[in-house]
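Listed below are the residues making up each chain.
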Amino acid sequence: MLVINACLGFHEEYKAKKSLDELSHQLESEVAVRRNGETLQLNVKELVPGDVVLLVGGTIVPADTQWIKGDTVSVDTAPLTGEPIPRKYPGDHGDVILSGTTVVAGECYGRVIRTGEHTEIGNAQKEIMADKTVTVVSVFQKKIMLVVQILVSASFALVIAVLLVQGLYYNGFQDNVSQTILDALVILIASIPIALPLVLQVNMALGASHLATTYNAVVTSLPALQDIASMSMLCSDKTGTLTTANMSIITDQIFASDGFTAEEVILYGFLCSNADKKDDPIDRAIVSAFNDTGNSKDGYVQTEIIGFNPSVKRVVAFVKSGDKTLTIAKGLPAKILDTEAGAPDDHELQWKVDKINDHAFIKSVEATDTDLSSSGYKTIAIAVCEGNARELGDAAVWKFAGLLPMLDPPREDTPATIESLHHANISVKMITGDHANVGKETSRLIGLGTNVLPGEEMRNAPSETKNDIIWNADGFAAVLPSDKREIVLVLRNHFGLVTGMTGDGVNDAAALSAAQVGIAVAGATDAAKNAADLILTEEGLSPIYGAVLESRRIFARIKAYVVYRVAASIVLVLTLSIVIFVTSCAVDSLMIIILALLNDV
């Protein structure tokens, strides 16, 4: 029986850890480095702090790097923050470009300040590897072991009592010492729930199989299956977990200027986009929104487009409509209203919209843009000029059409799942790398509290107040992977909550590993899957609620068995002890073992 139990345990642990090598596997690459006045092409593993590296479009940043000179680069930070829109460096987020991110556009030089495990992403992977070396014991297993230890300890006390009574009162030490000791040990044998480990393993294995087939949730760690039943706090990433990870135009929030309709604003946005740029989140969102309207673009032909440039912050397209020409612009609202806003740029087309001197109109547009931005929306402005603005020159008349608000929308099942989890007495905190305003608006849409704090506030808080900040907040935004892990560990270790974590990206892996129940959603990266205890194979969060219900049913069955088995052991131990105390008659040890086994059938 012990051999069978060990084999079952080994099989499940092997399945949970077999993909560990995939997590640590890193593809080697080279980067241009300035060192000691020379330019070298070095393997990224050879970088040291102080090296100056050249970062160009398409480069995966090999180390935490401080921007020195060059273009304002556009960087895809999704591996660390989950944000679908690239960040600009230097900019609002500082001048340190973190390792693991990808340069999308621009070219610059940067000084290496941290490498290897000292980088943000390297430290996260180091912590994951450390977690994998720790033997995980579920909260339920700990409670069972405590009960068994108390039972065995009490039985051991009875063994001593029986030994003294048999040996001294009934002269067992004089007549037959070995038999007297064996009679006493029978009590200890009777107290041990021999089949308990096997029953636990079998129930867990059957439960894991049922979860995989019924709820599309693959269990990679059996202790986590037990902990799901008692989970009281669920921390969740936003992008790709609570939301779709696809920026979308929120049509009911579109602002249309006088003389334009919302459908026209979408149409002009579509005509100023490139449908072939599938990887551009803005163009993809606008094209998708236009297609959803069911309107046709017949009669309009885009003849030329001047693409986006970080320095001019706008796109201009020339469109033929019959014998007429339209010039359409989309981009940053301030630059669409007045191309000299902020500072003059070198774009060939410069303009001010026709109502630039109408202060009431400008104030209305700016107020709308501010309200949308404060609610977490990213806004794209649209302006239209009748005729070819290039040929018209200063005579071109630009009209402001409106604003297209963009947001990564929640998954359809997210609000209902959140409500179900609340009914199951499971609190939910959202933890995202996106902006705090985006986090608050998403929380509002899915039914969570809107007390979403910036990660920097928690990060810089004194240690004596940090735990209270984590406890009282409904969620955190603009966090790093280390922040997510710290939040999970505080809730787990300081407040004693059985804590779960859901996520899909590399930035979630450290927190998934730290949680008692790490849940990787459908479409998660390999790093997230390797760190998780439960892998969802169906889109959305609804399988989590199903897993909670199923694990609680499993828990109830196991609890019923444990109560019965402990009660049976107590009855057996007390009965044997009383018989020996009164009659000095002991039952054969083999019979006790058979009786203990039959009790579990």
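A quick note: this is a predicted structure, and the numbers were derived from the prediction, not measured.

Draft legend 1. Structural context of the overall build of the protein. A tally of regular secondary structure across the protein gives 24 helices and 24 strands. Referenced to the eigenvectors of the C-alpha coordinate spread, the extents of the protein come out at roughly 120 × 60 × 45 Å. Buried positions account for 48% of the 601 residues belonging to the protein. Taking the intrachain contacts of the protein between residues at least 6 apart in sequence as the baseline, contacts between residues at least 24 apart amount to 65%. Accessible surface computed for the protein: about 27900 Å², of which carbon and sulfur atoms make up 56%. Each charge class in the protein was averaged separately, 47 positive and 71 negative side chains, and the resulting centres sit 2 Å apart.

Draft legend 2. Representation of the sheet that holds strand E6 (residues 87-89) within the structure. Reading across the sheet, the 3 strands line up as E6-E5-E8 and stay open at both edges, with antiparallel pairing between neighbours. In the strand order of this sheet, the two ends are held by E6 and strand E8 (102-105), each with one partner. The sheet shows a mean angle of 45 degrees between the axes of neighbouring strands, direction not considered. Pairing between strand E5 (residues 73-76) and E6: 3 bridges, direction antiparallel. Residue pairing in the sheet places Val73 in a bridge with Tyr89 of E6.

Draft legend 3. Summary view of the pattern of salt bridges. Under the counting rule described, the total for this entry stands at 18 salt bridges. Of the charged contacts in the structure, one is a salt bridge between Lys484 and Asp237, with a shortest N-O distance of 3.1 Å. Taken as a pair, Lys484 in helix H20 (residues 481-494) and Asp237 in the loop between strand E11 (233-236) and helix H10 (238-242) lie far apart in primary sequence, 247 residues in all. Asp237 shares its class with Lys484; the two are buried. With a closest N to O distance of 2.7 Å, Arg459 and Asp483 form a salt bridge. Note that Arg459 is positioned in helix H18 (residues 455-459) and Asp483 in helix H20, a separation of 24 residues in sequence. Exposure remark for Arg459: the relative accessible area of 32% places this residue in the partly exposed category. Using a relative accessible area of 2% as the deciding quantity, one classes Asp483 as buried. Salt bridges linked by common partners bring Asp237, Lys484 and Asp508 together as one network.

Draft legend 4. Quick look at the sheet that holds strand E2 (residues 38-43). Strand order in the open sheet made by the 6 strands is E2-E1-E3-E9-E4-E7, with antiparallel pairing throughout. Strand pairing shows two members of the sheet lacking a second neighbour, E2 and strand E7 (96-97), which therefore form its edges. Summarising the sheet, strand E1 (residues 30-35) and E2 pair through 6 bridges and their orientation is antiparallel. Note that in E2 the partner of Val33 across the bridge is Leu40.

Draft legend 5. Highlighting helix H17 (residues 436-446). Those residues of H17 lying buried are Ala436, Val438, Gly439, Glu441, Thr442, Ser443 and Ile446. Where H17 is buried, its residues meet H10, strand E18 (398-407), helix H16 (414-423), strand E19 (427-431), strand E20 (452-454) and strand E21 (475-477). Downstream of H17 by a residue or two, Gly447 has a phi angle that is positive, lying close to 90 degrees.

Draft legend 6. The arrangement of the packing of aromatic side chains in detail. Summed over all chains, the structure comprises 5 aromatic pairs. On the numbers, 4.0 Å between centres and 15 degrees between planes, the contact of Trp351 with Trp398 is stacked. With Trp351 in the loop between helix H13 (333-337) and helix H14 (359-374) and Trp398 in strand E18, this pair connects stretches of sequence that are 47 residues apart. For the pair Trp351 and Trp398, a shared accessibility class is recorded, and that class is buried. Sitting over the face of the ring of Tyr109, Lys69 holds its NZ or CZ atom 5.5 Å from the ring centroid. Over the aromatic face of Phe361 sits the side chain of Lys355, whose NZ or CZ is 5.1 Å from the ring centroid.

Reading the values: rules and limits
- Residues numbered from 1 in each chain as written.
- Predicted model: local features only at pLDDT ≥ 70, side-chain atom pairs only at ≥ 80, totals over all residues.
- Heavy atoms only, no water.
- Helix = DSSP H or I, 4+ residues; strand = E, 2+ residues; numbered from the N terminus.
- Buried < 20%, exposed > 50% of the residue type's maximum accessible area, 1.4 Å probe, protein only.
- Contact = heavy atoms within 4.5 Å.
- Areas by Shrake-Rupley, 256 points an atom, 1.4 Å probe, with all protein chains shown as cover.
- Lys, Arg positive; Asp, Glu negative; His and termini not counted.
- Charge placed at Lys NZ, Arg CZ, Asp CG, Glu CD.
- Pairing = 2+ DSSP bridges.
- Axes fitted to C-alpha atoms, helices over the stretch in contact; angles between N-to-C directions.
- Salt bridge = Lys/Arg side-chain N within 4 Å of Asp/Glu carboxyl O.
- Phe/Tyr/Trp six-rings, centres within 6.5 Å; stacked < 30°, edge-to-face > 60°.
- Lys NZ or Arg CZ within 6 Å of the ring centre and 35° of its normal.

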